[in-house]
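Tertiary structure, described
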Amino acid sequence: MSEAFLEGLNPEQLRAVTHGDGPLMILAGAGSGKTRVLTHRIAWLVQHAGVDPRSILALTFTNKAAREMSHRVETLLGTTATGSWIGTFHSICLRILRRHTDLLGVGRDFAVYDVDDQRRLAKRVVKELNLDAKKFKPAALLAGVSRAKDTGQGPDDMEVPPYPATLVKFYTAYQKMMKEASALDFGDLLLETLKLFSRHPCVADHYANRFKYVLIDEYQDTNRVQMLLAERIADRWGNLCVVGDDDQSIYGWRGADLDNILSFSQRHKETTTIKLEQNYRSTSPILDAASTIISNNKGRHAKKLWTDREGGEPIRLHEAATEEEEALWIVAMIDQLAQQGYQPGEIAVLYRTHALSRPVEEALIFSGIPYVVYGGLRFYERREIKDALAYLRLAVHPDDPVALTRVINLPTRGIGARTVDLIFKHADSHETGLWDGARLAIEEGALTARAAKAVGGFMEMVEGWRATVESTPLDQLIERILVESKYRDHIEKDGDERSSDRLENLAELLSAAEAFEKEGGGGATRFLDRVALVSDMDRAGDTFSAVTLMTIHSAKGLEYPCVFISGMEEGIFPHQMSMDEEGGVEEERRLCYVAATRAKEHLHLSYSRIRRVYGNQSEYRIPSRFLSELPGMAPSVAKINPYARPPGAEPQVQQVTGEEEGGNYYLPDPEEASYSTGMKVRHPRYGIGVVTQAQGLGPSAKVTVEFGSTAKKFIAGMAKLEILVT
DNA sequence: TCGACCGATTTTTTT
DNA sequence: AATCGGTCGA
């Protein structure tokens, strides 16, 4: 029996990996090798302790983490398909629920609603309850519902004081409609599994008996329902192993309860606690900075993270005048790092909110550095994809109100809001599903002849798909849907400049369906499940040749040799929205700690003095309080302006770079450059072109240049645009 | 019922 | 900037 995988572990890691039976809590500081410990522990259980892989359950937060874990376990054990269940809480719960649909209160092929679906349904509910949508915002009500679900409360569990009566009323109506829709949202996936377990103890026992070892990653981010679920399964054998770090708890807004990890050893008698405090990731300047920031939080678990990686690059901070300039600085530093030999894939730019990606993206585009943005608008969240999938959902479950209202009049078929409302009313008064409601509305002559004909035609079309949904390969079915619904025609014809993108996305959806069929298929419901739970994020880290841009939340669990954190400003980081909440700023500070500890060798921070909000108006900003918490890092220190002239130097001499195509071109000093329409310029890659648009002055000016038939946009300071001497 | 137009309004993070 | 909802004329 080979135990080579125990080599190279430090004593604490070894103790955690080779812990036998009984509850185990591993408090793993950032970069202390916790993923290594988890995977090695699974390998050790199987190989050394003779545990059947099928009796291991490992729960993670992201699909990516789950995949990485399975992959690493496979590598260690040298086998594939070990039979362990490794997945996110949500996907594991969905798997369980699908196996016991007969015991659930929802239909067989229930749908999984994502945030967008939830929002649409919430709007419908607000409308049906005759609430003033201005006073009671669907999104806010929904947030209240999600929070309730995270803590395990159904609508009946909520006492009216302290909870607002409207919220409870909304929650009740929302759940009713979800049930009619045969749909579960993310919160339901967890809560319904817990309910399934308590209503049918034999089902729970089945899983409890099977899973002798339960491991949970990122335990500090579990909510109450997740904790109860894990305990219900694990308490049979008592082998619950949790890994977490209270300093990295950043999902409080999603119902994560820090108390889960803080009180673990009280809930589980004879818990073995192991602390992993040696950081293998970051140099000491980085670790020191991160530790200093987090030390400003109160009520932390005592811990002292240390590293033996002495020395290393100091942290850099840059104050920019504008967001464009901030982006330019980042790109200039990336260039510098590239010259030092770093690959683009070793660099990440992190930010608090997606909106901050834009200026950085633009600067990267213009300098030709490859990059990938994670998160943001995901593939399956794109409008055309959601539309197409709504048709597919109707084929599976025609009562789905969100899917129905989404596409019943898309493209327009003469079925307006009035008709849709009538259908809802009929379904309601006859206590039937929407589909029968529509049928009844026609039969009872409630609709105008025109509307009745339109609705009838639509229903016939959907019934046609419905008849073959089981027997037709998915890609063929979707193709048929796109044609018969005339949705593709609609996209083709709408004259929007984005329509070719949309068509491409639809083609990509078809190839995803085809790939799904090739992998073994499993029907439309399984395809839709996957779509609901899998995000683009799962590809993060697959790209080695591009700079990665993402939010700090997405970056959790990842590491990069070089990390930039942009937008270090009050109101952004800490975010405005977090400031009036209890403990909000502390969570932001933990987020800052997470961000800083992603870096192995280089950490670069930046902020801008002026930032545009909502496109139009600019706001003055002040540096983040987290910066002033760093000693020797007062915002005025370490100002770096890559375009600054050395003191006393003359303005950059205009550099004549050559003579061709009838003129001399020179590369202007970015500070001095000014571009205007009609000017002839030369770009190293695209050649000679004509300026068709120029916005702004100095290095942050935006210039549009036409090269023959193609137009390109540049930022003056980045693009090496030479100007024709006249 | 449709589409054009206008004004108001943007919760930050994710399964 | 971009999107969403409401209004109004055809």
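Note that the structure is a prediction, hence the values are computed from the model and not measured.

Reading the values: the criteria
Residues numbered from 1 in each chain as written. Chains lettered and ligands numbered in written order. Predicted model: local features only at pLDDT ≥ 70, side-chain atom pairs only at ≥ 80, totals over all residues. Heavy atoms only, no water. Near = heavy atom within 4 Å. Helix = DSSP H or I, 4+ residues; strand = E, 2+ residues; numbered from the N terminus. Nonpolar A, V, L, I, M, F, W, Y, C, P; charged D, E, K, R; others polar. Pairing = 2+ DSSP bridges. Axes fitted to C-alpha atoms, helices over the stretch in contact; angles between N-to-C directions. Contact = heavy atoms within 4.5 Å. Salt bridge = Lys/Arg side-chain N within 4 Å of Asp/Glu carboxyl O. Buried < 20%, exposed > 50% of the residue type's maximum accessible area, 1.4 Å probe, protein only. Polar contact = N/O pair within 3.5 Å; in protein donor to acceptor, adjacent residues only side chain to side chain. Phe/Tyr/Trp six-rings, centres within 6.5 Å; stacked < 30°, edge-to-face > 60°. Expected span 1.5 Å × (residues − 1). Parallel < 35°, antiparallel > 145°, perpendicular 65-115°, else oblique. Left-handed = near helix turned anticlockwise from the far one by under 90°.

1. Here we look at the protein's contact with DNA strand B
Among the 31 residues in the neighbourhood of DNA strand B, the closest are listed as K137, R352, H354, G414 and T419. In the interface set of DNA strand B, defined as its atoms within 4 Å of the protein, sugar plus phosphate atoms amount to 51%. Residue assignment for the surface near DNA strand B shows that the elements contributing at least two residues are helix 6 (138-150), helix 18 (417-429) and helix 25 (552-555). For the surface near DNA strand B, the residue count by class is ten nonpolar, 15 polar and six charged.

2. A short note on the sheet that holds strand 2 (residues 56-60)
The six strands lie next to each other as 3-2-6-7-1-8, forming an open sheet whose pairing is parallel. Pairing within the sheet leaves two strands with one partner each, and these edge strands are strand 3 (85-88) and strand 8 (272-276). Across this sheet, the average inter-strand angle for adjacent strands is 15°, counted without regard to direction. Strand direction decides the pairing type here: strand 2 and strand 3, joined by four bridges, are parallel. Looking at the pairing, L59 lines up with G87 of strand 3.

3. Looking at unusual backbone geometry
With omega at -5°, the peptide bond leading from L410 into P411 counts as cis. With respect to the helices and strands, P411 occurs in the loop between helix 17 (401-407) and helix 18. Phi at E431 is positive, roughly 50°, even though this residue is not glycine. Within the secondary structure, E431 sits in the loop between helix 18 and helix 19 (434-443). Of note, K486 is a non-glycine position whose phi angle comes to about 65°, a positive value. Mapped onto the elements, K486 comes out in the loop between helix 21 (474-484) and helix 22 (487-493).

4. Some words on the sheet that holds strand 10 (residues 347-351)
Read across the sheet, six strands follow the order 9-14-13-10-12-11 without closing on themselves; strand pairing throughout is parallel. One side of each edge strand has no neighbouring strand; the edge strands of this open sheet are strand 9 (316-320) and strand 11 (371-373). Neighbour-to-neighbour, the strand axes of this sheet turn through a mean angle of 20°, independent of strand direction. Packing against the sheet, helix 14 (residues 323-339) makes contact with strand 9, strand 10, strand 12 (547-551), strand 13 (560-565) and strand 14 (599-608), and its axis sits at approximately 160° to strand 14.

5. A look at the pattern of salt bridges
Summed over all chains, the structure comprises 47 salt bridges. Here D116 and R120 are joined by a salt bridge, their closest N and O atoms 3.4 Å apart. Linking D116 with R120, this pair stays in helix 5 (residues 115-128), spanning four residues, or about one helical turn. Relative accessible area serves as the criterion here: at 34%, R120 is assigned to the partly exposed category.

6. Topic: the protein's contact with DNA strand C
Near DNA strand C you find K123, R498, Y614, G615 and N616, and these make up its full shell. Counting only atoms of DNA strand C within 4 Å of the protein, the fraction found in sugar and phosphate groups is 45%. Here a phosphate oxygen of DNA strand C and a side-chain polar atom of K123 are 2.6 Å apart. Its residues assigned to classes, the surface near DNA strand C comprises one nonpolar, two polar and two charged.

7. Things to note about the packing of aromatic side chains
The final tally for this structure, using the stated rule, is 15 aromatic pairs. Here F197 and Y207 contribute two aromatic rings whose centre-to-centre distance is 6.1 Å and whose plane-to-plane angle is 35°, an arrangement assigned as tilted. Here the residue F197 occupies a position in helix 8 (residues 186-199), and Y207 occupies one in helix 9 (residues 201-210), the gap between them amounting to ten residues. Between W329 and F564, the ring centres sit 6.3 Å apart and the planes meet at 80°, which makes this aromatic pair edge-to-face. Pair noted here: W329 is in helix 14 and F564 is in strand 13, with a separation of 235 residues, a long-range link. Taking the relative accessible area as the measure of exposure, W329 reaches 1% and is therefore buried. Residue F564 is classed as buried on the basis of its relative accessible area of 1%. One aromatic cluster in this structure is built from F61, F89, Y251 and W253.

8. A short note on helix 2 (residues 34-47)
With 14 residues, helix 2 should reach 20 Å at 1.5 Å per residue; the first-to-last C-alpha distance of 20 Å fits that figure. Within helix 2, eleven of the 14 residues are buried, leaving the element largely enclosed by the surrounding structure. Among the residues of helix 2, those classed as buried are K34, V37, L38, T39, H40, R41, I42, A43, W44, L45 and V46.

9. Some details on the packing of helix 4 (residues 89-99) against helix 8
Where helix 4 contacts helix 8, the axes come no closer than 9 Å and their chain directions differ by 50°. Considering their axes alone, helix 4 and helix 8 lie oblique with respect to each other. The chirality of how helix 4 crosses helix 8 is left-handed. Here F89, H90, C93, L94, I96 and L97 of helix 4 come into contact with helix 8, specifically with F186, L189, L190, E192, T193, L196 and F197. A per-class count over the contact of helix 4 with helix 8 returns ten nonpolar, two polar and one charged.

10. What about the pairing of strand 14?
Looking along a regular strand, one sees side chains alternate from face to face of the sheet. Across the ten residues of strand 14, eight count as buried, placing the element largely inside the fold. Alignment of strand 9 against strand 14, held across five bridges, turns out to be parallel. Looking across to strand 14, one finds that L317 is bridged to L605. Where strand 13 lies against strand 14, five bridges are found, and the strand directions are parallel. Paired with C562 across the strands is H602, a residue of strand 14.

By themselves, these are just geometric observations and shouldn't be taken as functional.
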